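The chain contents come next:
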Amino acid sequence: MSTASLPELLMGPMVRRADTKGVCFQFATSTPSQYRIELDNFDTYSEQHCIALGSKLFLHFIVLKSINENLPTDELLSYRLYNDKQQVDLSHFCYDGKATPEFVIPQTLEQIFHGSCRNPHHPAQDSLVAAQRWQAAQRTQGKAGADILLLSGDQVYADDVAGAMLIAIYRLIELLGIYKEQPLDIALPEQLSEQLYQRHLFLPKVPWQQRSKIGVGYWLKKDEPHFSSLKAVNHLVSFEEFIALYLLNFSPIAWSLIDLESISYQAKTAKCQQLFESEKQALTEFSEGLYEVQRLFANVSTLMMFDDHDVTDDWNLTAGWEQVIYQHPVSRRIVNNGLISYWLMQGFGNDAGVKTAALVDDFKACLSSQQQWHFNTFDKTVLDFNHWHYELNTVPKVVVLDTRTHRWRNEQNFNEPSGLLDWERLTELENSLLTHEQVIIVSPAPVFGVKSIEAIQALFNMCGQPLLVDVENWMAHEGSAKKLLDTFRRDDTPKETLILSGDVHYSFCFSVQKRFGKHSNRIWQLTASGIKNEFPRKLINILDKLDSILYAPKSPLNFFTKRWHMEVDKHQTKGDGQKYLVSDAAISLIDLKAGKLARYQLIHADSRTTEFDLNDN
């Protein structure tokens with residue numbers, strides 16, 4: 001396909017960070033033209049970045065700023081995209097009866113979309129489609145709908161990739177001429193068909209001779225994989241693969257270019273063939289829904305934060321994991337490819353480039369005259385970058401935590417889980433909470449999780465297998481748990497704190513208050529997971545009942561948890577079949593009144609809603 005026959009707009013536009021200081025738009029095109037965005041009825045100027053990621057792929061960021069005064073908040077604003085003097089057709093992004101896409105610069109938050117864990121080939125439907133339909137209904141009624149969309153982790157699954165997706169990735173790389181990085185020292189088969197469902201065999205491993213003689217693996221002469229994902233059979237490796245994956249997760253245009261229907265694979269076993277076909281069917285449904293998802297992105301300010309699957313499963317879970325990965329050049333490069341692609345496709349828009357734009361020049365310098373990426377020096381730059389976390393100066397204030405790159409490592413045992421935040425970042429969090437009546441914290445993993453599940457994880461950790469069950473909970477590390485809980489128990493913390501989390505592939509609503517003290521504060525743990533992923537339903541029902549039995553309000557087991565100074569109440573769903581844990585794929589809708597939680601619902605992919613009862617039990 002020639003450049004002339006490629007669509008001009010390959011991805012977006014996406015409305016990213018939007019505040020009174022500026023509005024960031026993100027989109028990708030097949031040409032390096034000079035684009036601009038204009039707001040109807042407002043005089044603005046812009047800061048722009050155009051980053052060439054391929055001969056036919058250009059990533060654009062435009063940050064609009066008002067010339068005369070601050071842009072208005074809490075009202076719908078219309079925008080138009082221009083290529084020089086020619087207006088780009090955005091009619092398919094508009095809601096009924098509107099000539100342009102519209103968005104809100106939020107100041108007083110009233111309705112928030114939140115979700116996590118969106119796996120394209122999971123058989124569940126994409127809940128972002130349902131979110132778009134809800135938003136469209138609100139706009140039809142003359143309402144703004146959700147003020148912002150918060151995605152708190154696993155926007156892509158770099159370690160869990162469908163076979164058809166990997167083929168689509170390579171078709172898109174060639175079609176758009178996505179620049180490739182310097183070849184890695186990894187002996188992947190030359191033919192992609194020979195790599196499918198086999199990549200885990202070629203990823204770096206620790207030879208059994210170098211393993212500790214204390215472990216069973218040494219005596220069984222079993223090499224230990226560096227990457228601990230249980231679904232690493234098609235794990236992404238190169239930078240160009242990560243970039244193509246993002247396009248295929250965010251853009252329906254990318255799928256229209258590669259002709260998914262024509263993708264085929266002849267597996268060696270019937271089981272593998274069946275897996276390929278089922279994944280392909282799920283991807284077909286996913287790609288068809290992207291037209292609606294893209295409309296949502298074009299009309300709602302969308303903020304994001306990484307979790308492990310955006311890079312690889314168990315990313316920085318233990319100090320031992322870090323030691324193995326970062327001391328090996330190939331493993332380090334794979335992880336850095338995930339982090340660099342996150343910066344480009346997610347991170348830059350979170351702060352509108354205020355701090356993240358500092359990486360642009362060094363990144364561009366990595367492209368050689370032969371149009372090949374050489375990241376040797378940039379790796380250190382991106383690993384040393386300390387500003388993935390960010391805040392929104394809204395009411396309530398929103399504090400988004402980076403719980404992956406500032407871990408509190410266990411210095412005594414490198415195989416023990418690291419704390420999700422180190423002392424410095426926990427101190428910063430503490431300072432962020434003070435002097436505010438209400439605050440929203442976005443923590444990819446729940447702070448107050450399901451006790452029975454955390455107990456099972458603790459048991460596996462005692463057996464030396466923290467990676468096997470993803471011991472990613474806040475209470476797994478003594479130091480970080482104590483510091484965080486001490487912060488929540490202070491008398492000068494907010495009267496109401498909402499913690500928005502995902503990660504676990506089921507949803508729930510807990511309320512928390514400290515047992516002792518005069519300061520009446522309430523913490524809401526609102527967990528929504530996944531957007532397109534689910535925990536096994538029969539198993540979650542068993543764990544739900546187990547938790548209700550073992551950790552009932554008067555159970556003595558509560559006194560053996562780290563949070564016994566806090567009273568945790570579980571809230572059931574309303575209506576028939578009441579339960580505490582909901583596995584069905586969904587995105588959450590949070591309603592606030594005067595900064596306080598008024599309603600918490602789950603919007604499922606089939607547009608059903610589940611509402612939690614917020615009344616005290």
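Here we summarise the structure given alongside this text. (Residues numbered from 1 in each chain as written. Predicted model: local features only at pLDDT ≥ 70, side-chain atom pairs only at ≥ 80, totals over all residues. Heavy atoms only, no water.)

Attention shifts here to the overall build of the protein chain. Tallying secondary structure elements over the protein chain gives 15 helices and 25 strands in all. Whereas a compact globule of 617 residues would reach a radius of gyration of roughly 25 Å, the protein chain reaches 24 Å, a difference of no more than 12%. Reported as C-alpha extents along the three principal axes, the dimensions of the protein chain are approximately 70 × 65 × 45 Å. Each of the 617 residues in the protein chain was classed as buried or not, and the buried ones make up 61%. (Helix = DSSP H or I, 4+ residues; strand = E, 2+ residues; numbered from the N terminus. Rg over C-alpha atoms; globule rule 2.2 N^0.38 Å. Buried < 20%, exposed > 50% of the residue type's maximum accessible area, 1.4 Å probe, protein only.)

Relative to the 32 Å expected for 22 residues at 1.5 Å per residue, helix α9 (residues 329-350) spans 29 Å between its end C-alpha atoms, a close match to the ideal helical length. The largest bend in α9 is about 50°, located at Trp-343. The element α9 is extensively covered by neighbouring structure, given that 20 of its 22 residues are classed as buried. Downstream of α9 by one or two residues, Ala-352 has phi in the positive range, about 55°. (Expected span 1.5 Å × (residues − 1). Bend = angle between axes of the 7 residues up to and from the residue.)

What follows covers a nonpolar patch on the surface. Together, Leu-546, Ile-549 and Leu-550 give the surface a local cluster of nonpolar side chains, amounting to about 260 Å² of exposed area. Relative to the helices and strands, Leu-550 is located in helix α15 (residues 537-550). (Patch = residues over 30% accessible without salt bridge, like charges linked within 9 Å, V, L, I, M, F, W, Y side chains within 5 Å. Areas by Shrake-Rupley, 256 points an atom, 1.4 Å probe, with all protein chains shown as cover. Salt bridge = Lys/Arg side-chain N within 4 Å of Asp/Glu carboxyl O.)

Here the focus is the environment of His-60. Relative to the helices and strands, His-60 resides in strand β5 (residues 57-66). On the basis of relative accessible area, His-60 is assigned to the buried category, the value being 4%. Along the sequence, His-60 and Leu-39 sit 21 residues apart, while their C-alpha atoms lie 17 Å from each other. Apart from the residues lying within four places of it in its own chain, the contact partners of His-60 are Phe-25, Gln-26, Phe-27, Ala-28, Thr-29, Thr-31, Ser-33, Tyr-35, His-49 and Cys-50. A distance of 2.8 Å separates a polar atom in the side chain of His-60 from a polar atom in the side chain of Thr-29. (Contact = heavy atoms within 4.5 Å. Polar contact = N/O pair within 3.5 Å; in protein donor to acceptor, adjacent residues only side chain to side chain.)

Our next topic: helix α7 (residues 270-299). For α7, built from 30 residues, the straight-helix expectation of 44 Å at 1.5 Å per residue is met to within 8% by its first-to-last C-alpha distance of 44 Å. The sharpest bend along α7 measures roughly 40° and falls at Leu-290.

Bringing the pairing of strand β19 (residues 496-501) into the picture now. Consecutive side chains of a regular strand alternate in pointing toward one face of the sheet and then the other. With six of six residues buried, β19 is to be regarded as a mostly interior element. Residues Glu-496, Leu-498 and Leu-500 line one face of β19 and the alternating positions Thr-497, Ile-499 and Ser-501 line the opposite face, and both faces are buried. Across five bridges, strand β18 (residues 438-442) lies against β19 in parallel orientation. Within β19, the position partnered with Ile-440 by the bridge is Leu-498. Of the pairings in the sheet, the one linking β19 to strand β21 (residues 522-527) comprises six bridges and is parallel in character. What sits directly across from Glu-496, in β21, is Arg-522. (Pairing = 2+ DSSP bridges.)

Pairing in this open sheet of four strands is antiparallel, and the strands run β1-β2-β5-β4 from one edge to the other. The open sheet has two free edges, formed respectively by β1 (9-19) and β4 (44-54), since each of these has just one partner strand. Averaged over all neighbouring strand pairs, the angle between strand axes comes to 15°, with direction disregarded. Its contacts with the sheet put helix α5 (residues 239-250) on β1, β4 and β5, and the angle it makes with β1 is roughly 80°. (Axes fitted to C-alpha atoms, helices over the stretch in contact; angles between N-to-C directions.)

Below, the discussion takes up the sheet that holds strand β14 (residues 301-304). Pairing is mixed across the open sheet formed by six strands, whose spatial order is β14-β10-β9-β23-β24-β25. The open sheet has two edge strands with one neighbour each: β14 and β25 (609-611). Averaged over all pairs of adjacent strands, the angle between strand axes in this sheet comes to 25°, irrespective of strand direction.

This part is about the pairing of strand β17 (residues 397-400). What you see with β17 is no split at all: Lys-397 and Val-399 on one side and Val-398 and Val-400 on the other are buried throughout. Here strand β16 (residues 390-392) runs beside β17; their pairing, made up of three bridges, is antiparallel. Opposite Tyr-390, over in β17, you have Val-400 as the bridge partner. Counted along the chain from β16 to the antiparallel partner β17, the turn is four residues long. Relative to β18, β17 runs parallel, the two sharing four bridges. When the sheet's bridge partners are listed, Val-398 is paired in β18 with Ile-440. Taken together, β17, helix α12 (residues 423-433) and β18 form a β-α-β motif whose crossover is right-handed. (Right-handed = clockwise from strand over helix to strand, strands pointing away.)

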